Amino acid sequence: MGEGIRRERERERERKEGPSLLALLSGSERRSRGRRQTGRAGLRKRARKRSGALFAEQSGTMLSGSSLIWIGALLLGLEASLTGASDFQHHGYEEMVRALFAVQSECPYITRIYSIGRSVEGRHLYVLEFTDNPGIHEALEPEFKYVGNMHGNEVLGRELLIYLAQFLCEEYRAGNERITRLIHDTRIHILPSMNPDGYEVAARQGPEFNGYLVGRGNAKEVDLNRNFPDLNALMYYYEKHNGQNHHLPLPDNWELQVEPETLAVIKWMQNYNFVLSANLHGGAVVANYPFDKSREPRIRGKTTYSATSDDKIFRKLAKTYSYAHSWMHKGWNCGDYFDEGITNGASWYSLSKGMQDFNYLHTNCFEITLELSCDKFPPATALASEWLANREALVSYMEQVHHGIKGMVYDENNNPISNAVISVAGVNHDITCGTDGDYFRLLLPGTYTVTASALGYLPFTSIVTVGPAEAVQLHFYLKVQPKGTNLNVKAYANKKGTSTAKIPPTNLGPR
């Protein structure tokens, strides 16, 4: 094909579909991308050669027989190049899977694909992991996650996470120092679609005719963001009676009370010690932070601010995204006004059984909810500008996982102690060590009194000053508790609990 004809066809395609990712790159980025084409065929060959070994490593992940994932992907014809998958378009389930496996093929040494479960209709909930040692938790390397498309008809987050995966791979291969450092120092997990069944329902309607609720729920029309165990009521009770303030127990038979997609995500949270997360939605433009559920009884026309013990940190996290976004921070969006582009969830409207609050109350993870577009199902022509508006914010937010303090908790023989409790004086929310004895505690700059405690050991307290840059390392060495000593150690048994609080009617706002 002649060069002139090729360019004319490309211009015609852009007029119809909007510009491709390549067209939006700067001249230097395009030249860099051109250099990256060299040796790409050889990289794909090595990737295919390694594919069996890569997925054999997944036998220890949450699904057995995960080598079948790669075989299934090949049956879908996933030999598409990353460049071809980079065009701005909506991705159905098969197209999404192709795009994810194309990224894995292009960057096989820093990525891994695994499934955390299946939807009601049997679609895999695929996660793409980025790190320098895929499939392995390295001590003192924090775990981060992005979750998209929880509501099937809120599709921008799904597309942004696909583009983010492609961007991370391309920039890593280009030698981008910022992205390389982020991938080497962080274990990033990207779940583009928590609700693939709902998406397919919404996609059949298309952007122009999609109703507000068409495809919102899963295949059984259940709203997944009203489907998590309600731990807020239990937390608000404990606040009044000096009960535990973290890792709240789940109700009896909770597995039977949630949808398959919700169950898969909860098990995922329990198997990975996530530190920071964001849940991508649509229908508004604002960064929403916990608590979503109000402490006060619902009164029509009245909302109340329900702060966590880490309210200042959550506000900082929300502002990080809002101010890095092209227009979220301006406040006026979609006919609503949110000061600085952020809001406390309950102050907006009260929401029960949501995923955001569940992260904070049942795990170590701090999660916010990102409402990213007025249009729940924007046309393909809008995707390029939405990507440019969110790209810096998506990267900046991930970098926040590296603030505060982190460290190891050891015994006197330098053996790591798992599940030790880390308490910060003046903050009524503790976190725990992972199975490797490492912990991560997000904190704003300041001086803090921090205590590590574990059953059978004497607690130890240190004073630490946190700056605005990278997390300060603070390690603890605990001595065995002498026999006969009775200490009030902050450690809680993993027992079940139930809540009898009345649940208000479901609110079907954007979240």
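Here the structure is shown first, and the text comes after it.
Residues numbered from 1 in each chain as written. Predicted model: local features only at pLDDT ≥ 70, side-chain atom pairs only at ≥ 80, totals over all residues. Heavy atoms only, no water.

J.: Explain the environment of Thr131 to me, using residue names and the numbers behind them.
T.: Within the secondary structure layout, Thr131 lies in the loop between β2 (124-130) and β3 (143-148). The buried category is assigned to Thr131, whose relative accessible area is 0%. Sequence spacing of Thr131 and Arg181 is 50 residues, and the spatial spacing of their C-alpha atoms is 9.9 Å. With near-sequence residues (within four places) excluded, Thr131 lies in contact with Tyr109, Ile110, Glu138, Glu141, Ile183, Thr186 and Arg187. For Thr131, the side chain forms a polar contact with the main-chain oxygen of Thr186, separated by 3.3 Å. (Helix = DSSP H or I, 4+ residues; strand = E, 2+ residues; numbered from the N terminus. Buried < 20%, exposed > 50% of the residue type's maximum accessible area, 1.4 Å probe, protein only. Contact = heavy atoms within 4.5 Å. Polar contact = N/O pair within 3.5 Å; in protein donor to acceptor, adjacent residues only side chain to side chain.)

J.: Explain the packing of helix α9 (residues 177-185) against helix α16 (residues 383-399) to me, using residue names and the numbers behind them.
T.: Two elements in contact, α9 and α16, have axes whose closest approach is 11 Å; the angle formed by their N-to-C orientations is 40°. Relative to α16, α9 is oriented oblique. Here the hand of the crossing between α9 and α16 comes out left-handed. Taken together, the residues of α16 that come into contact with α9 (itself represented by Arg178, Ile179 and Leu182) are Glu392, Val395, Ser396, Met398 and Glu399. Of the residues assigned to the contact of α9 with α16, the class counts are four nonpolar, one polar and three charged. (Axes fitted to C-alpha atoms, helices over the stretch in contact; angles between N-to-C directions. Parallel < 35°, antiparallel > 145°, perpendicular 65-115°, else oblique. Left-handed = near helix turned anticlockwise from the far one by under 90°. Nonpolar A, V, L, I, M, F, W, Y, C, P; charged D, E, K, R; others polar.)

J.: How would you explain the pairing of β2 if you had to name every residue and give the values?
T.: Regular strands have side chains that alternate between both faces of the sheet. Counting buried positions along β2 gives seven out of seven residues, so the element sits mostly inside the fold. On β2, burial covers both faces: His124, Tyr126, Leu128 and Phe130 on one face and Leu125, Val127 and Glu129 on the other are all buried. For strand β1 (residues 111-118) and β2, the ladder comprises six bridges, and the chain directions are antiparallel. Note on β2: the bridge partner recorded for Tyr114 is Val127. In textbook terms, the turn of a hairpin is the stretch between consecutive antiparallel strands, and for β1 and β2 this stretch comprises five residues, one of which, Gly122, has a positive phi near 90°. Where β2 lies against strand β4 (residues 187-191), three bridges are found, and the strand directions are antiparallel. When the bridges of β4 are listed, Glu129 appears paired with His189. (Pairing = 2+ DSSP bridges.)

J.: Describe in detail the packing of aromatic side chains, supporting the description with residues and values.
T.: One pair of aromatic rings is described through two measures. These are the centre distance and the angle between the planes. For the structure on display, the rule yields 26 aromatic pairs. A centroid spacing of 5.7 Å and a plane angle of 65° characterise the contact between Phe167 and Trp387, whose relative ring orientation is edge-to-face. In this pair, Phe167 sits in helix α8 (residues 156-174) while Trp387 sits in helix α16, placing the two residues 220 residues apart along the sequence. Under the relative-accessibility criterion, Trp387 is labelled buried at 0%. With a centroid separation of 5.8 Å and 70° between ring planes, the pair formed by Phe291 and Tyr360 is classed as edge-to-face. Of this pair, Phe291 sits in the loop between β6 (284-289) and α13 (311-324) while Tyr360 sits in helix α15 (residues 355-362), placing them 69 residues apart in sequence. Given the relative accessible area of 2%, Phe291 is considered buried. (Phe/Tyr/Trp six-rings, centres within 6.5 Å; stacked < 30°, edge-to-face > 60°.)

J.: Explain the pairing of strand β13 (residues 427-432) to me, using residue names and the numbers behind them.
T.: β13 sits mainly inside the fold: five of its six residues count as buried. Across three bridges, strand β12 (residues 421-424) lies against β13 in antiparallel orientation. Bridge pairing in β13 links Val421 to Thr432. Between β12 and the antiparallel strand that follows it, β13, lie two residues; Gly426 among them carries a positive phi value of about 90°.

J.: Could you give an account of the environment of Gly283, with specific residues and numbers?
T.: Its location among the elements puts Gly283 in the loop between β5 (274-281) and β6. For the pair Gly283 and Cys374, spaced 91 residues apart in sequence, the C-alpha to C-alpha distance is 4.5 Å. Filtering out sequence-adjacent residues up to four positions away, Gly283 remains in contact with Glu371, Ser373, Cys374, Lys376 and Pro510.

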